[in-house]
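Examination of the molecular architecture
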Amino acid sequence: MQLKNPILGLCQQSTFMLSAAKVDQCPDDEGFEVAFAGRSNAGKSSALNTLTHASLARTSKTPGRTQLLNFFKLDDERRLVDLPGYGYAKVPIPLKQHWQRHLEAYLGGRESLKGLILMMDIRHPMTDFDLLMLDWAVAAGMPMHILLTKADKLTYGAAKNTLLKVQSEIRKGWGDLVTIQLFSAPKRMGLEEAYTVLAGWMELADKGAELPAE
């Protein structure tokens, strides 16, 4: 049987590479990287762990524990990056400024960065942080895909209405470079759609047919 999407196998074998406090500590700037961003309480770590079928990213009852750029290897050319969470973490101002400076340096100067996955809690979408990330992505010409996380916290109808509302707002303000979907880590909702986006950015979208049958 063929794998539906070649990114699946890579995500399932993903491994931790390294943590970087500064851009010059990042892996060599080559290949394909997709970065995951979001406010500290948006369910970023849970989404990453669900997509990789592993406990790569630390989940914590105290949001904001991700204070470094954390790199996870999919294969020799492809990586996922867990970015520091913002907006909720109770950390000293100088440390926040350090994160901001190095995060901007990473986002603005990383050639291998092919796209940005932005997590928004479906109950509190379009925060100031989200708007900043949207502005940056569009200004930089960086593809962005939004996961409206914790979609299981609303009824399906309410979740769908929120999706349509946010989607309309984004199209008016930021255009078609940004795509969006519903997502729930506990219910495993939206995985297929997210995998399709990742495979496209990592130039795996056309390789499914080349996979040998099992």
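For the structure, check the block above.
Scope of this entry: the structure provided in the associated data block. (Residues numbered from 1 in each chain as written. Predicted model: local features only at pLDDT ≥ 70, side-chain atom pairs only at ≥ 80, totals over all residues. Heavy atoms only, no water.)

Considerations on helix α5 (residues 156-174)
For α5, built from 19 residues, the straight-helix expectation of 27 Å at 1.5 Å per residue is met to within 8% by its first-to-last C-alpha distance of 26 Å. Considered for burial, the residues of α5 that qualify are Ala159, Thr162, Leu163, Val166, Ile170 and Trp174. With its buried residues spanning 105° around the axis, α5 presents them on a single face. Projecting away from the buried face of α5 at angles above 90 degrees are the exposed residues Asn161, Lys165, Arg171 and Lys172. Against α4 (128-140), β6 (144-149) and β7 (178-182) lie the buried residues of α5. Directly beyond the C-terminal end of α5, a positive phi value near 85° is found at Gly175. (Helix = DSSP H or I, 4+ residues; strand = E, 2+ residues; numbered from the N terminus. Expected span 1.5 Å × (residues − 1). Buried < 20%, exposed > 50% of the residue type's maximum accessible area, 1.4 Å probe, protein only. Arc of directions from axis to C-beta. Contact = heavy atoms within 4.5 Å.)

Some details on the sheet that holds strand β2 (residues 32-38)
With mixed pairing, the seven strands of this open sheet are ordered in space as β1-β3-β4-β2-β5-β6-β7. Of all strands in the sheet, those bounded by a partner on one side alone are β1 (15-20) and β7. With direction set aside, neighbouring strand axes in the sheet form an average angle of 25°. As paired strands, β2 and strand β5 (residues 113-121) are joined by six bridges and run parallel to one another. Looking across to β5, one finds that Val34 is bridged to Gly115. The strands touched by α4 within the sheet are β2, β5, β6 and β7, with β5 carrying the most contacts at an inclination of about 160°. On top of the sheet, α5 reaches β6 and β7; it is set at about 175° to β7, its chief contact. (Pairing = 2+ DSSP bridges. Axes fitted to C-alpha atoms, helices over the stretch in contact; angles between N-to-C directions.)

Brief notes about the nonpolar core
By size, the foremost hydrophobic cluster in this structure holds 34 residues, and its most contacted members are Leu83, Tyr106, Leu116, Leu134, Met144, Ile146 and Ile170. Of all the elements in the fold, those that place two or more residues in this core are β2, β3 (69-73), α3 (93-109), β5, α4, β6, α5 and β7. Take this core: its biggest share by element is five residues, from α5. Apart from the residues within four sequence positions on either side, Leu134 is in contact with Met120, Met126, Met144, Ile146, Ile170, Trp174 and Val178. In this structure, Phe72, Leu147, Val197 and Met202 belong to the second largest nonpolar core, which totals 28 residues. (Core = buried A, V, L, I, M, F, W, Y, C linked by side-chain atoms within 4.5 Å.)

A look at the pairing of β7
In the case of a regular strand, side chains alternate between the two sheet surfaces. For β7, a buried count of four out of five residues is recorded, marking the element as mostly surrounded by other parts of the structure. Judged from the five bridges that link them, β6 and β7 form a sheet pairing that is parallel. Bridge pairing links Met144 to Val178 in β7. Following the backbone out of β6, through α5 and into the adjacent parallel β7, one traces a crossover that is right-handed. (Right-handed = clockwise from strand over helix to strand, strands pointing away.)

A few points about the environment of Gln25
Structurally, the position occupied by Gln25 is in the loop between β1 and β2. Judged by relative accessible area, which is 38%, Gln25 ranks as partly exposed. Put simply, Gln25 and Leu69 are 44 residues apart on the chain and 9.4 Å apart in space, counted from C-alpha to C-alpha. Residues in contact with Gln25, not counting those within four places in the same chain, are Leu18 and Ala20.

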